[in-house]
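# Structural overview for review
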Amino acid sequence: MEDYSQEDWGNHSQDLHGYPTDQELDEMPVSKRTLKIKQESSEEAQKRDSMQNIVQILESVQLKWELFQSWTDFSRLHLSNKLAIFGIGYNTRWKEDIRYHYAEISSQVPLGKRLREYFNSEKPEGRIIMTRVQKMNWKNVYYKFLEITISEARCLELHMEIDWIPIAHSKPTGGNVVQYLLPGGIPKSPGLYAIGYEECIERPLSPDVERQALDPGKEGQVGLETLSAHASLQVEVEPTRIIYCYLGIAEVRTLQQCLFLHFQANTKTFSKDWVGINGFLSQNCIVDPGVSPKSIYIKFVEVERDFLSAGSLVECLEKAIGYPLKFNN
């Protein structure tokens, strides 16, 4: 990598992250200071989770790192107007293995322009990299990228930024049949949508938990209610998670029409021979007395119709979530 002098990069002593100074914090009311710190902590956690997800995608497609050598790297024609998932990496004089410094989905700004910002000392991103190279914290800087279509960018947005919406259902009618109650506000426009269900994972109690329940020993006495609970529940229930099972493309029909067709299928015509997402949703409507149906969720994002036919959307989402979509195959 080229040796950049202080004159080349510029002299930048201001705070790199835009955080308040010590004096500003001292002058800030305690309640406001606490709220600001909590907000920043929450934002940092979200950024870390997002970056880990993007790194997972980049690693899953096994891209090779490219050594940054000159500005012309990012002026090449094939980078000028492309959207992409990209990563910035580095190694040190002591350890040749390349580690991630940053990863991002460049879904609004062309990749070439975004990468140049990471090697421009006038930009916060470039200033951080410049400082670490100058101080010999890093030896070389690398980058890798995966070109994506606009529809794939929206698909990743659907996964990483759009919250799940729970689907309510009616009380059983006709003995053992419930009806889904779709929420209002589903757009009458083209786009992408996902359907998922809540998975409750149960696993046997660990030996330590069982031992503590049955033999408190020196840890103190355990009440009868606790012992009774452990005796009757020999499983630990882990936090639930929502499993993606279907990705839909509302291209010919609108998002509203597509979701209506999935969830308002006539259960009277239900057949065990039905397959795919409609069969799954219809079968979920038939419940035993006192048993609730599986919790179902949806999420959606509007996408211009002209973009929906480009890209490999199902494979894109499967790489992002790390498992196959049950009803798209």
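Overview of the structure. Quantities reported herein were computed from a predicted structural model and do not represent experimental measurements. (Residues numbered from 1 in each chain as written. Predicted model: local features only at pLDDT ≥ 70, side-chain atom pairs only at ≥ 80, totals over all residues. Heavy atoms only, no water.)

### Quick word on the nonpolar core
Using the following cut-off: Buried Ala, Val, Leu, Ile, Met, Phe, Trp, Tyr and Cys residues that are joined via side-chain atoms within 4.5 Å together make up what is termed a nonpolar core. Each residue gets one of three labels from its accessible area relative to the maximum for its type: buried under 20%, exposed over 50%, partly exposed in between, using a 1.4 Å probe on protein chains only. Here a helix means four or more residues in a row that DSSP labels H or I, a strand means two or more in a row labelled E, and each is numbered from the N terminus. Any two residues whose heavy atoms approach within 4.5 Å are treated as being in contact.
Ranked by internal contacts, the top residues of the largest apolar core, which has 28 residues, are Ile 85, Leu 156 and Leu 192. Listing elements by their share of this core, those giving two or more residues are helix 3 (30-60), strand 2 (83-91), strand 3 (99-106), helix 7 (150-161), strand 8 (191-199), strand 11 (241-250), strand 12 (296-302) and helix 12 (313-321). For this core, the leading source of residues is helix 12, giving five residues. Sequence-distant contacts of Leu 156, defined by excluding residues within four places in its chain, comprise Ile 57, Ile 85, Ile 105, Ile 148, Cys 316 and Ala 320. If you look at the next biggest cluster of nonpolar residues, it comprises 24 residues, including Val 178, Ala 250, Phe 280 and Phe 327.

### With respect to helix 11 (residues 276-284)
Here helix 11 has its buried residues at Ile 277, Gly 279, Phe 280, Leu 281, Ser 282 and Asn 284. Looking at the buried positions of helix 11, the neighbouring elements they touch are strand 7 (180-181), strand 8, strand 11, helix 10 (255-263) and strand 12.

### A word on the side chain of Ser 170
Considering the arrangement of structural elements, one finds Ser 170 in the loop between strand 6 (168-169) and strand 7. Taking relative accessible area as the criterion, Ser 170 reaches 18% and is therefore assigned buried. Contacts of Ser 170, omitting those with residues within four sequence positions, involve Val 178, Gln 179 and Leu 181.

### Describing the sheet that holds strand 12
Counted only if it meets this: Should DSSP find at least two bridges between two strands, the strands are taken to pair. Axes here mean lines fitted to C-alpha atoms, for a helix over just the part in contact, with angles spanning 0 to 180 degrees between N-to-C directions.
Strands sit in the order 5-12-8-11 across an open sheet of four strands; the sheet is antiparallel. Two strands in the sheet have a free side with no partner beyond their single neighbour: strand 5 (165-166) and strand 11. Packed onto the sheet, helix 7 meets strand 8, strand 11 and strand 12 and runs at close to 140 degrees relative to strand 12. Docked against the sheet, helix 12 engages strand 8 and strand 11, running at close to 165 degrees with respect to strand 11.

In short, geometric facts, not functional conclusions.
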